[in-house]
Amino acid sequence: YEDMIDEFKHYLSVIPFAYDLYISTDTEEKKQSLLLSLKNWQYGNLEIRMVPNRGRDIAPKLICFKDIYTLSLIHI
């Protein structure tokens, strides 16, 4: 939901600790727009990956960001 990035930024900015943000999108244009909107991201790592628009939230989380979740489990 690229058009809602300003609203998301507001909610994300009130989280009182550092954290990494991982976003999935389906086009290079949206990715570039999101990168521009988040160019001053200062709360942790930011990564935006392109994935097909299937499964909206669950498929990217389980498939596209599998490496992130795998690393997180190793460090627990």
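Please refer to the structure higher up on the page.
Throughout, residues of each chain are indexed from 1 in the direction in which the sequence is written. Only residues with pLDDT of 70 or above have their local features reported here, since the model is predicted, and side-chain atom pairs are shown and tallied only from 80 upward, although totals for entire chains, interfaces and linings are computed over all residues. With hydrogens and water stripped out, all remaining heavy atoms of the structure feed into the side-chain values.

Undergrad: Kindly report on the overall build of the protein, identifying the contributing residues and their values.
TA: Within the protein one finds four helices and two strands. Secondary structure follows DSSP: runs of H or I at least 4 residues long count as helices, runs of E at least 2 residues long count as strands, and numbering of each begins at the N terminus. Going from N to C terminus, the protein has its helices and strands arranged as α-β-α-β-α-α. With a 1.4 Å probe rolled over the protein chains alone, any residue whose accessible area is under 20% of its type maximum counts as buried; one over 50% counts as exposed, and the rest are partly exposed. Every one of the 76 residues in the protein was classed for burial, and the buried ones make up 21%. Every residue pair with non-hydrogen atoms within 4.5 Å of one another is taken to be in contact. Summarising the internal contacts of the protein: among those between residues at least 6 apart in sequence, 56% fall at separations of at least 24. Method for areas: the Shrake-Rupley scheme with a 1.4 Å probe, in which residue coverage is limited to the protein chains shown. Surface summary for the protein: the accessible area is close to 5900 Å², and the carbon and sulfur share equals 58%.

Undergrad: Requested: an account of a nonpolar patch on the surface, with residues and values cited.
TA: Each patch is built from residues that are more than 30% exposed by relative accessible area and take part in no salt bridge. Like charges join if they lie within 9 Å; nonpolar side chains (Val, Leu, Ile, Met, Phe, Trp, Tyr) join within 5 Å. By salt bridge we mean one thing: a side-chain nitrogen of Lys or Arg within 4 Å of a carboxyl oxygen of Asp or Glu. Nonpolar side chains collect at one region of the surface, where Ile58, Leu62 and Ile63 lie side by side and expose about 330 Å² of accessible area between them. Checked against the element boundaries, Ile63 lands in helix 3 (residues 58-64).

Undergrad: If you had to explain the side chain of Thr25 to someone new, which residues and values would you point to?
TA: By secondary structure assignment, the location of Thr25 is in strand 1 (residues 21-25). Owing to a relative accessible area of 10%, Thr25 belongs among the buried residues under this scheme. Every residue in contact with Thr25, bar those within four places of it in the chain, is listed here: Lys30, Lys31, Leu34, Ile48, Arg49, Met50 and Val51.

Undergrad: Residues and numbers for the pattern of salt bridges, please.
TA: According to the stated counting rule, one finds four salt bridges in the structure shown. A salt bridge links Lys9 to Asp6; the shortest N-O distance between them is 3.9 Å. On the criterion of helical spacing, the pair formed by Lys9 and Asp6 is a turn pair, its members being three residues apart in helix 1 (residues 5-13). You can call Lys9 partly exposed: its relative accessible area is 30%. Between Asp26 and Lys30 there is a salt bridge, with the nearest N and O atoms lying 2.9 Å from each other.

Undergrad: Tell me about the pairing of strand 2 (residues 46-50), and name the residues and values.
TA: Two strands form a pair only when DSSP identifies at least two bridges running between them. Here strand 1 pairs with strand 2 via five bridges, running parallel. Across the sheet, the residue bridging to Thr25 is Met50, located in strand 2. The parallel pair strand 1 and strand 2 is bridged by helix 2 (residues 28-37), and the resulting crossover is right-handed. Think of it like this: strands point away, you trace from the first strand over the helix to the second, and a clockwise trace means the crossover is right-handed.

Undergrad: Please provide a residue-by-residue account of the side chain of Arg49, values included.
TA: Within the fold, Arg49 resides in strand 2. The buried category is assigned to Arg49, whose relative accessible area is 15%. Within the structure, the side chain of Arg49 is placed 2.8 Å from the side chain of Asp67, a separation counted as a polar contact. The contact partners of Arg49, leaving out residues within four places of it in the chain, are Ile23, Ser24, Thr25, Cys64, Phe65, Asp67 and Ile68. As used in this structure description, the phrase polar contact means that two N or O atoms lie within 3.5 Å; if the pair is within protein, one of them must be able to donate a hydrogen and the other to accept it, and residues adjacent in sequence are counted only when both atoms belong to side chains.

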